[in-house]
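What the coordinates show
One letter stands for each residue in the lines below.
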Amino acid sequence: MKITNWISLNKLLIKIKNKLSPLSFLILPSALFLAYFPILTPYIYHDDYFFFWPRSGKFWHELHQFWFLIGRPGCAFLLSLYNLIIKDLQGLILIRLLALAQVILAAYICLPWFDKITEKRSSSLLLSIMVFTLPPFLVYVSWAICSSYPMAVLISILAANASIKIPRLDLSILRNRYFWRTVFLFLIANLIYPSAAVFYWSLIFILFIKEINGDLLTNWKKSSFLFACIAGFFSYVLYALVLKIIYWTAIINTWNAFLPVEYNPHVLQFNPIQKFKWFFNEPLIAAMNFWHIFPNLFIPILFLTILLVATLIYLKNKDAMRWRKICKSFIAVAVFSVLSFFPNMVAPSDMPFYRCLTGLSPLIMLLAFIALQYIFNMTGLKKFFSVIL
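Presented here is a report on the structure given in the accompanying data block. (Residues numbered from 1 in each chain as written. Predicted model: local features only at pLDDT ≥ 70, side-chain atom pairs only at ≥ 80, totals over all residues. Heavy atoms only, no water.)

Turning next to unusual backbone geometry. In this structure, F290 is a non-glycine residue whose phi angle is positive, near 55°. Within the fold, F290 resides in the loop between α15 (283–288) and α16 (298–315). (Helix = DSSP H or I, 4+ residues; strand = E, 2+ residues; numbered from the N terminus.)

Counting residues in each nonpolar core, the largest one holds 116 residues, and the members touching the most others are F132, W201, I204 and F336. If one sorts the elements of this core by residue count, helix α13 (residues 224–255) sits on top with 11 residues. (Core = buried A, V, L, I, M, F, W, Y, C linked by side-chain atoms within 4.5 Å. Buried < 20%, exposed > 50% of the residue type's maximum accessible area, 1.4 Å probe, protein only.)

What follows deals with the pattern of salt bridges. One pass over the structure, following the stated rule, counts two salt bridges. Between R121 and D115 there is a salt bridge whose closest N-O contact spans 2.2 Å. By relative accessible area, which is 17% here, R121 ends up buried. One salt bridge connects K275 with D350, and the closest N-O pair in it is separated by 3.1 Å. (Salt bridge = Lys/Arg side-chain N within 4 Å of Asp/Glu carboxyl O.)

Our next topic: the packing of aromatic side chains. The tally for this structure, following the rule as stated, stands at 31 aromatic pairs. Between F186 and Y236 the ring centres are 5.3 Å apart and the planes differ by 65°, which places this aromatic pair in the edge-to-face class. Here F186, found in helix α10 (residues 177–192), pairs with Y236, found in helix α13; they are 50 residues apart in sequence, far enough to count as distant. As far as burial versus exposure is concerned, F186 and Y236 are alike and both buried. Ring centres of W201 and F336 lie 6.1 Å apart, and the angle between their planes is 65°; this geometry places the pair in the edge-to-face category. In this pair, W201 is assigned in helix α12 (residues 199–211) and F336 in helix α17 (residues 322–339), connecting sequence segments 135 residues apart. Neither W201 nor F336 differs from the other in exposure class; each is buried. Through a chain of ring-to-ring contacts, the aromatic side chains of F186, Y200, W201, F205, F208, F225, F233, Y236, F336 and F342 assemble into a single cluster. (Phe/Tyr/Trp six-rings, centres within 6.5 Å; stacked < 30°, edge-to-face > 60°.)

Attention shifts here to a nonpolar patch on the surface. A cluster of nonpolar residues, F77, L81, L84, I85 and L94, forms a patch on the protein surface that exposes about 430 Å² of accessible area. Here the nonpolar patch gets four residues from one element, more than from any other, and that element is helix α4 (residues 73–85). With respect to the secondary-structure elements, L94 resides in helix α5 (residues 89–109). With relative accessibility at 47%, the residue L94 sits in the partly exposed group. (Patch = residues over 30% accessible without salt bridge, like charges linked within 9 Å, V, L, I, M, F, W, Y side chains within 5 Å. Areas by Shrake-Rupley, 256 points an atom, 1.4 Å probe, with all protein chains shown as cover.)

Quick look at the structure:
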């Protein structure tokens, strides 16, 4: 399956390259490289010191056991590989460049997704640059200890790509290879870093936008959106099973390790009311601030105003189904906002870190772009919007 996946990835990149002019093909990596240029400076930050512990240079590090126990065996394996090549500060730069290469690759693969909600490829290029320079990705690239997380984002995108093809095979789910490919790719992404794997839900929300005009329940056999949701939820069931296996075999019977509550995925007791209150007060506000890393209320209010204006303009439409579509859209936004932050919503402790906003921040960015584009189109300022972009 891995060989098939990489062949499919290669075909996808060739297809994207053929649609871009040579100049446009260079814009994306050039813009992202300039945005992340400071990573070329030799520096060490916070948990990056972990690479220089006494066992540095050997495959298995004591701290890797911690990542394994908290349900991130893929992350533990990747960091073990990185630990072999890091000898000094130059090694940290190499690891950060590797993370940047994965972010650039993810940005390219997302172009066909962004094409679904934009009107020109140039708009998709800009949207991809905006999404992949948001704070979560800045953390992944600039913080060497997080350098394995872009791989989770990359694999989650491949899972979303596979989900689109599920309805193409007129087979039951159990016999549909694209369904199982989606399930296992999303599972692998979660085994690396669940808070990065939720980027999957940002892309699935785009499928909802494309299928909102249809009756999802009546035409469910042709709905990539519904099958993608089913595959995602089933993958979470498998991930929960993996966590149970780790708990039964490693924590109880072997290592009997103590895990800090805030990082312990084996304890899912939480207060829903308190959790949602915190979600609205911290993570959602931080995501609505986009690149502004010192959150305030002005930018979220501006964002909500844009959504309100777009909604009011749409309600003037003579479409008889406009109220139904508005209700479906608001419900979908609420549900996917939670799904894009799902690992932290079920955790017992509040984790307001930017690296945990990998699904929520892009989702907010997509909503802002769609709303602005609609406002300018409906007010006769379409060309002005293109100039701004």
